[in-house]
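Chain by chain, the residues run as shown.
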Amino acid sequence: MLHHLLRTDYQNQPLLPRVPVLPVLAALAAGIASAWTWAASFEAAAWGVGAAVCALAAACTLLPRWRHLTAACTTALTLLAAALAGGLLCHLQVQGLRQTWPGEAAVWRVQVERIGARTDSTLRADVSVLSSQGRQKRVRLYLSGTAVTHVHEGSLLLCRTTLHAPAPPANPGGVDYGRVLTVQGLSGSGSARADSWHLLSEAGEGAEWSARLAQWRQRLAQTYARHVDPQVLPLLQAITLGDRSLLDTATRRLFAHTGSSHVLALSGLHLGLIYGIVAFVLLRGRRRSVVQTVLHAAVVGGLWVFVCMTGHPLSLVRAALMLTLTQVLRWAGRSQWSLNHVALAALLMLLWSPLSLFDVGFQLSFAAVAGIIVGHDEVWMRFRFYQRADLPPTPPRSRFAHLGAWRKAALHHLLLRTAHALRLWVVRLGCTSLSAQVATLPWVVSTFHLVALYALPASLVVVPVTACLLATAMLYLLVPVAQPALGHVLQWEHDALVGTLHAMSRWPGAALHLYPSTAALTGGVVLGIALWVWLTRHRQRARWVALAALVAVVGGEAWRLRPARVERQCLLYSVPRGVALHYVVSARRHYLWCLGSAQVESGALKQVAEGFWRASAMGEPRMLPCEQGDAYVRQGRGIWLLGGCSVVLLGADGRPAGATQGVRQVDVLVVDSASRRADVDAWLRARPHHVVATNRLQARRTDELLTRCRSMGLPCHSLRRDGAFVLPLAQDARLLAKER
């Protein structure tokens, strides 16, 4: 059975029959997605019993008594069992991550496992909460203070903080951090100020092997710091050690806008280059023997140690797993690797961690490799420029009367072979990069809303320079005597890479920001596949599929850009240490008022701008207060009249709002930290329709306000607890006519 799954001698068959693992993988993924969607509808026992019954029924169909059943019935039962098994595994992993944390601050003893981002005074790290029974759960911790520079992977900390379970996004269009934390295997998050945490041990005595490998990576980073320029260290550590905590936003944006972000994340590119360098040095020219087998096993084992040392990212685990499968097949006499091996690697990873299916790194990694293989087999092999030319051998000496003529002919032949090899290398590198970029384009557009037009020429520079940088870094670590000179070489390679990308980022139209609808994006993918099938296999049915996909693309974009795509509404966003009031009249006219840290460039509102405003084609808002005489917005001493809606900002501008006399109706009362209790009581007696407590209001006063509103029968909304406040407004015919 395993021999059939790993067959690689399919050459003249269609694509799907060459991947027998794909149906099982698709069924397993469908079960995981179903369990993720309906996590609260079914218990683990339902998934387990269903999987066992289907597996038993599929096994019974193989008995002589039931052989009259068709093979399609056996296949259907097997795939259904795989789907239910995937749902069971996903449900068990989600249940294992759930944790009820105390609602108040407590003292926790934690150990740092992975550092995500670091500055001189802030740190984001994934830590394990330790208890008397051992490890409890993994959470994400945000630390502040100057002592964060002494915190490393494996360090032991004692902190006082309030841990929260993963929560849905607080604002419309915001990032669903609850989903992100759950997918990454984290059970909550918390933050601690400088006076709320203490470093117990930098090295973490008694740490397990994963923490010791992380400490080894830290020692290698310190070795870099001896002779390498500090400006080179962030990029060097990211490419060679997988430590991206020192990368600044400008560098990340530069690589993203040039389509080179895959270089910053360790993946098959890095592992393949490292394996190629090691194999060229240790394994080149050795015949098949026991020594060669031991060396191959040692190299593969060393690569797995490298994967664990860098924090085992999913893209690197995928590459190491495929490389291991390739070596096993090579020892078995089957050195060719195919799309079936990719599917088998994905199947094994999903069996180990079902929630990896929803990780963007997992999706991009497998999409890129699948695109490279499919592009090589189905696209580029059809063209002559992709094939290796049959060059004549070097002419023999006997054909020439003079030695000088033979040397001239031999030199000409050598130059011809070198030029052909260089041309073929550039062509195949470009085709491989193009295949990976096209395959990952749907995920890049849907997740990052970015298309890098010059990603192909950038890859022709990034890949060779990255290979040289990895080789130089390996020499730097292995030859201490040459470290000063190699440090200068690393700086030259860094400057060449960054300088080239800076120049490409200034080219016109280097990065396009796209926000397509789901229907348009899906239709675009189907349209591309259908057109290729129609052009290469001449199937008329593909023409109608392409036409239907084109209709889906046009219809999806027409619906996304319809005039009434955004309803008239008033919003108060959940912004840390700030207040943000957003009044939407239509997609073409909306207003924003910010106070404190609530700026469009800040983190929370930047996510709202990306996921809500630009996704709805709303454009940039008009900042308040605006010019006098605006028919849509009027303001006076803390009271805003937004069309027919009145909003009272009590204490948001540092002074009390106007008196309650003369105010007929209060739709929204916003209570901020600077509000006085007497003013709050006076405005509550005016019976507002909605009461909103901002994030800047102290927790104790927020609880008091909630209790007071509950006793008076008034609806109260806390931005800190409930997220953004959204108030739909009735359409005003007069304002709509003026907008038209």
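Going by the structure above, here's the rest.
The structure reproduced in this document is the subject of the present report. Quick caveat: nothing in here was measured; it's all calculated off a predicted structure. (Residues numbered from 1 in each chain as written. Predicted model: local features only at pLDDT ≥ 70, side-chain atom pairs only at ≥ 80, totals over all residues. Heavy atoms only, no water.)

## Thoughts on the overall build of the protein
Thinking step 1. Tallying secondary structure elements over the protein gives 23 helices and 19 strands in all.
Thinking step 2. By the burial criterion, 43% of the 740 residues in the protein qualify as buried.
Thinking step 3. At a minimum sequence separation of 6, the contacts of the protein that also span at least 24 residues come to 66%.
Thinking step 4. Accessible surface, the protein as shown: approximately 38,400 Å² in total, 62% of it carbon and sulfur. (Helix = DSSP H or I, 4+ residues; strand = E, 2+ residues; numbered from the N terminus. Buried < 20%, exposed > 50% of the residue type's maximum accessible area, 1.4 Å probe, protein only. Contact = heavy atoms within 4.5 Å. Areas by Shrake-Rupley, 256 points an atom, 1.4 Å probe, with all protein chains shown as cover.)

## So, unusual backbone geometry
Thinking step 1. One non-glycine residue, Ala617, lies in the positive phi region at around 55°.
Thinking step 2. Inspection of the secondary structure puts Ala617 in the loop between helix H19 (603–613) and strand S12 (622–623).
Thinking step 3. Of the residues examined, Ala617 reaches a relative accessible area of 29% and is grouped as partly exposed.
Thinking step 4. Even without glycine at this site, Arg687 takes up a positive phi of about 55°.
Thinking step 5. In this fold, Arg687 is placed in the loop between helix H20 (677–684) and strand S17 (690–693).

## Digging into the packing of helix H3 (residues 44–60) against helix H4 (residues 71–97)
Thinking step 1. Interaxial distance between H3 and H4 falls to 8 Å at its minimum, and their mutual angle equals 155°. Classified by the interaxial angle, the pair formed by H3 and H4 is roughly antiparallel. Judged by the sense of rotation from one axis to the other, the crossing of H3 with H4 is left-handed. Of the residues in H4, those touching H3 at Ala44, Trp47, Gly48, Gly50, Ala51, Cys54, Ala55, Ala57 and Ala58 are Thr74, Leu77, Thr78, Leu80, Ala81, Leu84, Ala85, Gly87, Leu88, His91 and Leu92.
Thinking step 2. Here the contact of H3 with H4 is built from residues that sort into 14 nonpolar, six polar and no charged. (Axes fitted to C-alpha atoms, helices over the stretch in contact; angles between N-to-C directions. Parallel < 35°, antiparallel > 145°, perpendicular 65-115°, else oblique. Left-handed = near helix turned anticlockwise from the far one by under 90°. Nonpolar A, V, L, I, M, F, W, Y, C, P; charged D, E, K, R; others polar.)

## Thoughts on the sheet that holds S12
Thinking step 1. If you trace the five strands from one edge of the open sheet to the other, you get S12-S11-S10-S9-S19, paired in mixed fashion. One side of each edge strand has no neighbouring strand; the edge strands of this open sheet are S12 and strand S19 (725–728).
Thinking step 2. Examined bridge by bridge, strand S9 (residues 569–573) and strand S10 (residues 578–584) share five bridges and lie antiparallel to one another. Counted as the bridge partner of Tyr573 is Ala580 from S10. (Pairing = 2+ DSSP bridges.)

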